Amino acid sequence: MVKFDWVYLQEVWSRWQSLNVGVLALISSVLVFKATKHHSEQERQRRFKAARAMLPDALSELTTYLKHAAKSLDQLWDDFEYSAVSSDSEFEIIYPKLPVKARETIKECISQANDDVGDYLARILANLQVFDTRLSEMCEECKGKARKSPHGQEVKVAMILAAKSHALVSNIFEFSRGITKFSAIELELHHYMSSYALLELEVGTGLDKYSDLTAMTVKSIRSKEGVFSL
């Protein structure tokens with residue numbers, strides 16, 4: 001019969017006590033971390049839902065902005081095409097401003113969205129900001145007595161950026177309304193052509209008002225650097 005040694009048992013407990021405490025502390029820390037992470041994720045999702053509720057209006061505002069911008073681009077092209085140099089100090093091509101409220105809504109969504117949605121919205125914003133800068137610069141230069149007509153290549157670059165931004169915005173509309181799950185797209189020529197039509201720019205199907213714009217669009221899709229790589 002084995003004799004129970006109480007002293008030995010106490011010595012074993014004493015030796016293992018630190019390890020047991022450490023293991024329990026580790027388990028407790030892991031559980032607290034998971035609970036905190038879960039709470040933070042739920043809070044992020046709630047904030048994103050609140051921000052996304054404003055996204056459809058922001059996207060509609062951006063679509064309207066791009067339609068007005070397309071009219072300005074068409075006027076810029078006419079000015080280039082017909083070299084309509086004028087000494088009229090009042091001459092001006094009116095252009096829209098990138099909507100501040102829509103831009104701020106997208107920024108808020110980016111800060112609360114998961115990575116794939118956030119990256120996509122950031123791509124939209126980057127393209128819009130580049131486009132808005134180019135459009136405003138061309139329109140400002142083409143104004144008043146000392147005005148300078150735009151170069152046709154610059155106008156076509158801006159048209160491509162407008163169509164690209166429009167296509168990206170259109171793709172996320174249904175997600176913003178909670179109708180479908182988010183799905184990023186790789187833009188193809190038909191996306192651009194559809195956007196040109198919706199922006200009322202005469203491109204394709206025998207309506208090539210802007211020389212070689214379709215061919216230039218194809219090249220832009222393949223571009224891996226520069227303004228078209230955004």
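Our subject is the structure listed above.
The following refers to the structure shown. It should be emphasised that the depicted structure is a prediction, and the values quoted were computed from it without experimental measurement.

**Structural notes on the nonpolar core**
- Formed by 58 residues in total, the largest nonpolar core has its most connected members in Leu73, Leu76 and Phe131.
- At the level of secondary structure, the elements contributing two or more residues to this core comprise α1 (6-52), α2 (55-82), α3 (100-112), α4 (115-141), α5 (152-171), α6 (173-176), α7 (189-198) and α8 (213-222).

**Regarding the packing of α2 against α4**
- At a minimum axis separation of 11 Å, α2 and α4 run at an interaxial angle of 30°. Relative to α4, the element α2 is oriented roughly parallel. Remark: the crossing between α2 and α4 carries left-handed chirality. Facing α2, whose interface residues are Leu55, Leu62, Tyr65, Leu66, Ala69, Ser72, Leu73 and Leu76, α4 presents Leu121, Leu128, Phe131, Asp132, Leu135, Met138 and Cys139.
- A breakdown of the residues in the contact of α2 with α4 according to their chemical character gives 13 nonpolar, 1 polar and 1 charged.

**Comments concerning the pattern of salt bridges**
- Taken as a whole, this structure holds 6 salt bridges when the rule is applied.
- Close ionic contact of Asp74 with Lys209 constitutes a salt bridge, the shortest N to O distance being 2.8 Å. With Asp74 in helix α2 and Lys209 in the loop between α7 and α8, this pair connects stretches of sequence that are 135 residues apart.
- A salt bridge links Glu141 to Lys148, with the nearest nitrogen and oxygen atoms 3.8 Å apart.
- Judged by relative accessible area, which is 39%, Glu141 ranks as partly exposed.
- Overall, the relative accessible area of 51% leaves Lys148 in the exposed class.
- Connected through shared salt-bridge partners, Asp74, Asp78 and Lys209 make up one network.

Each value, and the rule that gives it
- Residues numbered from 1 in each chain as written.
- Predicted model: local features only at pLDDT ≥ 70, side-chain atom pairs only at ≥ 80, totals over all residues.
- Heavy atoms only, no water.
- Core = buried A, V, L, I, M, F, W, Y, C linked by side-chain atoms within 4.5 Å.
- Buried < 20%, exposed > 50% of the residue type's maximum accessible area, 1.4 Å probe, protein only.
- Helix = DSSP H or I, 4+ residues; strand = E, 2+ residues; numbered from the N terminus.
- Axes fitted to C-alpha atoms, helices over the stretch in contact; angles between N-to-C directions.
- Parallel < 35°, antiparallel > 145°, perpendicular 65-115°, else oblique.
- Left-handed = near helix turned anticlockwise from the far one by under 90°.
- Contact = heavy atoms within 4.5 Å.
- Nonpolar A, V, L, I, M, F, W, Y, C, P; charged D, E, K, R; others polar.
- Salt bridge = Lys/Arg side-chain N within 4 Å of Asp/Glu carboxyl O.

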